[in-house]
Amino acid sequence: MMAALLVEDLTVHYDTREGALQALRDVSITVPEGQIVGVVGESGCGKSTLINALLQLLPENATIPAGRITLEGEDVTRASTRRLRQMRGQEISVVFQDPMTSLNPVLSIGRQMRDIQYRQPGSGAEKDRRSAEMLARVGIPDPVGKLSAYPHELSGGMRQRVAIAMAALMRPRVLIADEPTTALDATLEVQIIELLKELQQEIGCAILFISHHLGVIAELCDRVVVMYAGVAVEEGPVEDVFLRPGHPYTIKLIECDPGRLKEKVADLPAIPGSLPDLTDPPAGCIFRDRCDRATDICATPPPRKRLNGEHWAACHHARADAP
Amino acid sequence: MTAFRHTLMGRLMADPLAVFAMAIIALLVVSALLADVIAPHDPAAMNLVDRFSPPSSTYWMGTDNLGRDTFSRLLQGGRIALYVALTAVTISGLIGLVLGMLAGFGPRWLDNALLFFFDTLRAYPTIILALALAALMPRGLSTVIIVVVITSFAEYGRVVRTQTLSLKNSEFILAERAMGASFARIVFHHILPNVLGPFFILAAMNLPVVITIEAGMSFLGIGVPPGTPSWGATLKDGFDYIRTTPWILISGGLPLILATLGFTFLGEALRDQLDPRLRKTR
């Protein structure tokens, strides 16, 4: 199976006054053609850095000392600026977290949608027709009328639909969804997820879905990558990872999900401790300091232990899934 | 396609403040353009018999110390005021717009260099700088314009820079870049329209300031050459005889007040209408 997006041993550093901040370390992610892959992790685990690296839109002080990002067989870390611009939008596209800020406030929806089709042939009227079609497809009532509306005239859910329509307009091969439901309420969340599923079927694109919401990932994704402090600690098919987690961090993360609590509790479960200092990460396992299974062996870098088929965890203590 | 009431002009017409402002500005512009036709007297003609005449049916706003008709001179003065204000604001605005966007978009060192430059210029008090420059340059309207440009473009530059900077890091610009928009497309299609709103408001609010700078410089005797009927010169003449003939000063100040009110109100109405989020109706 060919991968639409292949991230291999990607490392990203930010130059700061305190030294190189290692935002991502040896991250590998495979997004197979036409599948939905979730990336889950708490704030500061490197999700945003990952997105910016995939788009090659990292800030000026970022460097990529190692690793490769292959999009449809092409290494984007080596692509020219010109080629990158072509790839963005056409082959890879993003839906951002906050629909309140991801649309230009002074341009009408139609103008913005016409704008991103500038590489396509066709008259303005034709582009407007395509825009309206896409708006209709993402479930916006009166799509032709909405072309002349401004972002502030739409509700948050509508705006996120517009943002999705814009991202899907060029029929990209890979769609990155950066916590697209975090800023929306629960009923909209379900609708947006259904919409992403439908679009993925229709366009046949792969989706890299970034979220800290385990329930959403379980509902939507085929595969999931668990990230902690810039390191991918576990990866595999969703059922395997969520039902038989191998890495202690994944186990804790699932225990902390308030959605799985059946009774009212005084204190929500939490993982004690905090993220390590990424300018000087501890040697060996990154989760060692917060892990209750840690032993002396954890001071050495953990291997990626294959647990079952495509399911692996980067932990010395991980055991293969029971048959 | 778009109904008139949805265009900028249509929306401005629905705003009483804007209508009032535009009426004043139209009055000023028309009277300046048609000054030669409307003026009952030659603004330069001296009539020593009728010196210091109070307002009458012959001299609507009285005459000055040389018997020149104040009303006719104010009409001519309107031309000077509008010419200086529009030229100076356009030039300084364009310089400020370009430098401000460069500072906002360019590398850090360029931003710092331009900011230092802006702050240096803004540190000089306008009138002191005007006096210094007037001492170096021949007296005339172009000197007035140069003084205004030098003292005011830094303000546009700063406003545009701040806007550009905050827009550059906003999510929708990142979204545009993620969709493959080129640098030029981002600057001209996405940053510029967002910057133009505050920019035009600032420009409209600055027009009366420029008119007062010209009047002030002429009042101090470093503006227009003697004999030119600028509003400031009329004020200066009136000031000398304020005890005996106050009407010269009063009529000289009237158009200045009107112009200030007109352009300031227009600026405020523009601010309400150019920003789609502040619009009440569409």
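Just above sits the structure.
Here we summarise the structure given alongside this text. (Residues numbered from 1 in each chain as written. Chains lettered and ligands numbered in written order. Predicted model: local features only at pLDDT ≥ 70, side-chain atom pairs only at ≥ 80, totals over all residues.)

Examining the overall build of chain B
Logical step 1: Looking only at helices and strands, one finds eleven helices and zero strands in chain B.
Logical step 2: Put simply, chain B runs from its N terminus to its C terminus through helices and strands in the order α-α-α-α-α-α-α-α-α-α-α.
Logical step 3: Taken along the three principal axes of its C-alpha coordinates, chain B extends 80 × 50 × 25 Å.
Logical step 4: Burial statistics for chain B: of 282 residues in total, 40% are counted as buried.
Logical step 5: Excluding contacts between residues fewer than 6 apart, the proportion of contacts in chain B whose partners are at least 24 apart in sequence is 69%. (Helix = DSSP H or I, 4+ residues; strand = E, 2+ residues; numbered from the N terminus. Buried ≥ 20, exposed ≤ 12 C-beta atoms within 10 Å, placed from the backbone. Contact = placed C-beta atoms within 7 Å.)

Observations concerning the packing of helix H2 (residues 16–33) of chain B against helix H11 (residues 246–274) of chain B
Residue and element names in this part refer to chain B.
Logical step 1: Two numbers describe how H2 lies on H11: the axes approach to 8 Å, and their chain directions differ by 140 degrees. The angle between H2 and H11 places the two elements in the oblique class. Once H2 is placed against H11, the crossing between them reads as left-handed. Across the interface between the two elements, Leu-17, Ala-18, Phe-20, Ala-21, Met-22, Ile-24, Ile-25 and Leu-28 from H2 touch Leu-258, Ala-259, Leu-261, Gly-262, Phe-263, Phe-265, Leu-266, Glu-268 and Ala-269 from H11. (Axes fitted to C-alpha atoms, helices over the stretch in contact; angles between N-to-C directions. Parallel < 35°, antiparallel > 145°, perpendicular 65-115°, else oblique. Left-handed = near helix turned anticlockwise from the far one by under 90°.)

Details of the interface of chain B and chain A
Logical step 1: At the interface, 17 residues of chain B touch 22 residues of chain A.
Logical step 2: Put simply, the parts of the chain that give the side of chain B that touches chain A at least two residues each are helix H8 (171–178) and helix H9 (183–219) of chain B.
Logical step 3: With six residues, the top contributor of residues to the side of chain B that touches chain A is H8 of chain B.
Logical step 4: Its residues placed into classes, the side of chain B that touches chain A shows seven nonpolar, seven polar and three charged. (Nonpolar A, V, L, I, M, F, W, Y, C, P; charged D, E, K, R; others polar.)

Considerations on unusual backbone geometry
Residues and elements named next belong to chain A.
Logical step 1: Phi at Arg-171 is positive, roughly 50 degrees, even though this residue is not glycine.
Logical step 2: Relative to the helices and strands, Arg-171 is located in the loop between helix H6 (156–168) and strand S7 (174–178).
Logical step 3: Given 15 C-beta atoms within a 10 Å radius, Arg-171 is considered partly exposed.
Logical step 4: Although it is not a glycine, Ala-229 sits at a positive phi angle of roughly 50 degrees.
Logical step 5: Structurally, Ala-229 is set in the loop between strand S9 (223–228) and strand S10 (231–237).

Details of the nonpolar core
Logical step 1: In terms of nonpolar packing, the biggest core is built from 98 residues, with Val-174, Leu-208, Phe-209, Val-226, Tyr-228 and Val-233 of chain A touching the most fellow members.
Logical step 2: With sequence-adjacent residues up to four places away left out, Val-174 of chain A is seen in contact with Ala-4, Leu-5, Val-31, Leu-71, Glu-91, Ile-92, Cys-205, Ala-206 and Leu-208 of chain A.
Logical step 3: In terms of nonpolar packing, the next biggest core, distinct from the first, is built from 60 residues, Ala-21, Val-84, Val-160 and Val-224 of chain B among them. (Core = buried A, V, L, I, M, F, W, Y, C linked by C-beta atoms within 7 Å.)

Let's talk about the environment of Thr-187 of chain A
Logical step 1: Summarising the element assignment, Thr-187 of chain A is placed in helix H7 (residues 186–203).
Logical step 2: Along the backbone, Thr-187 of chain A and Gly-157 of chain A are 30 residues apart, and their C-alpha atoms lie at a distance of 9.9 Å.

Focus: the pairing of strand S4 (residues 62–71) of chain A
Residues and elements named next belong to chain A.
Logical step 1: Examined bridge by bridge, strand S1 (residues 3–16) and S4 share seven bridges and lie antiparallel to one another. Considered in S4, the bridge of His-13 is made with Thr-63.
Logical step 2: By the bridge criterion, two bridges tie S4 to strand S5 (residues 74–75) in an arrangement that is antiparallel. Within S5, the residue paired with Leu-71 across the bridge is Glu-74. (Pairing = 2+ DSSP bridges.)

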